[in-house]
Amino acid sequence: ANLPPGVLSHHHIDAQAPFRRGMDWDGLADAKTLFPSFTGEEDGYLPALPDHGPVWQLLDPDGSNSLKAQMETLSGEIACENPGFFTRGEGIVIDATATVEAGASLIGPCYVGPRAVVRSGAYVREHSWICADAVVGHATEVKHSILLPGAKAPHFNYVGDSILGKGANLGAGTKLSNLRNDGGEVHVRLNGERLPSGLRKFGAVLGEGVATGCNSVTNPGVVLGCNSTVWPNATVTGIHGPDSQHR
C-alpha cells in the first residue's frame with residue numbers, strides 16, 4: 001500500500017534468533033492470529049509485520065526490519081493544515097487527509113496516516129506509526145508504537161512500545177506499561193511459565209477488537225487475543241488468547 005523505497009513490498013519479515021524462532025507461543029503471539037484482517041493493502045504507509053515468530057520482535061530497536069528501521073525509510077512532509085500544533089525533529093510525515101488539532105505535539109520521526117485524528121493535547125513521540133483512521137486522543141502519549149488502521153487511544157492513555165490492532169479501543173486512563181522498575185528484560189507469562197521476550201521495553205500487543213475499561217493497566221509484556229475485554233481498574237499480566245476476559 002504505497003510503501004516507500006526501502007520498506008518491504010509485503011507485510012512480513014523473518015523472525016530473528018533472540019525471539020525463540022522454534023517456539024510457537026501456543027499460536028497466540030503471531031501477527032496473522034492477532035491481526036487477521038490486516039492485508040498490507042490498506043491506505044497510507046503501513047509497517048511490515050513479521051511472518052514468523054512473535055509480533056513483538058518488531059519493537060526491537062536494533063532489528064534490521066524493526067519499527068524504528070522501517071520508519072527511517074519513510075518519505076513525505078506535513079501535508080495537512082496546521083491550526084496550531086507543535087512539531088520538533090526531522091521525519092514527521094502527516095497525510096493531507098489527517099486531522100491534527102491545535103495543541104497537539106509531535107516529535108519526529110513519526111507518521112500520521114489518512115483520516116487519522118490526533119487531538120488537542122496529544123503527545124506523539126519518536127517512532128510512532130499512526131495508521132489510517134486511527135485516533136490519538138486528548139492527553140494521550142504514544143511512543144515507539146503502532147496503531148494499526150482504526151485503532152483508538154482516545155483519552156488519557158499511555159501507549160509505549162506497543163502494537164494495537166484494528167478496532168482496538170482503550171478506555172479513558174488505560175496505561176500500557178512498558179518498563180520494569182528495575183530496568184531489566186521484560187518477561188512474558190504463558191501457561192504459568194516466565195519466558196524472556198528479548199526486549200527491555202515492551203508494553204502490550206492488543207489484537208483486533210480488544211477493549212479496555214477505564215483506568216486499567218497492562219503490565220509489561222502483555223498480549224491479548226482478538227476481541228478480549230479488560231474491565232475497568234483491572235491489571236493484566238501475560239499472554240492470553242482471543243475472547244479472554246480480565247476483571
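Up top is the structure.
With that out of the way, let us pick up the sheet that holds strand β8 (residues 128-130). Pairing within the open sheet is parallel, and its 8 strands lie in the order β2-β5-β8-β11-β14-β19-β22-β25. A single partner strand is all that each edge strand has here, and the edge strands are β2 (92-94) and β25 (239-240).

Summed over all chains, the structure comprises 7 salt bridges. Here Asp133 makes a salt bridge to Arg115, at a shortest N to O gap of 2.8 Å. In this pair, Asp133 is assigned in the loop between β8 and β9 (135-138) and Arg115 in the loop between β5 (110-112) and β6 (117-118), connecting sequence segments 18 residues apart. By relative accessible area, which is 33% here, Asp133 ends up partly exposed. Among the ionic pairs, Arg125 bridges to Glu126, the shortest N-O distance being 4.0 Å.

With that settled, consider unusual backbone geometry. Here the bond from Gly108 into Pro109 is cis, since omega is 0°, no more than 30 degrees from zero. Following the sequence through the fold, Pro109 ends up in the loop between β4 (105-107) and β5. One non-glycine residue, Ala139, adopts positive backbone phi at about 65°. You can see Ala139 is positioned in the loop between β9 and β10 (141-143). The exposure class of Ala139 is partly exposed, given its relative accessible area of 33%. In this structure, Asp161 takes a positive phi of about 50° despite not being glycine. With respect to the secondary-structure elements, Asp161 resides in the loop between β13 (158-160) and β14 (163-164). The exposure class of Asp161 is buried, given its relative accessible area of 3%.

Quick notes on the rules
- Residues numbered from 1 in each chain as written.
- Predicted model: local features only at pLDDT ≥ 70, side-chain atom pairs only at ≥ 80, totals over all residues.
- Heavy atoms only, no water.
- Pairing = 2+ DSSP bridges.
- Helix = DSSP H or I, 4+ residues; strand = E, 2+ residues; numbered from the N terminus.
- Salt bridge = Lys/Arg side-chain N within 4 Å of Asp/Glu carboxyl O.
- Buried < 20%, exposed > 50% of the residue type's maximum accessible area, 1.4 Å probe, protein only.

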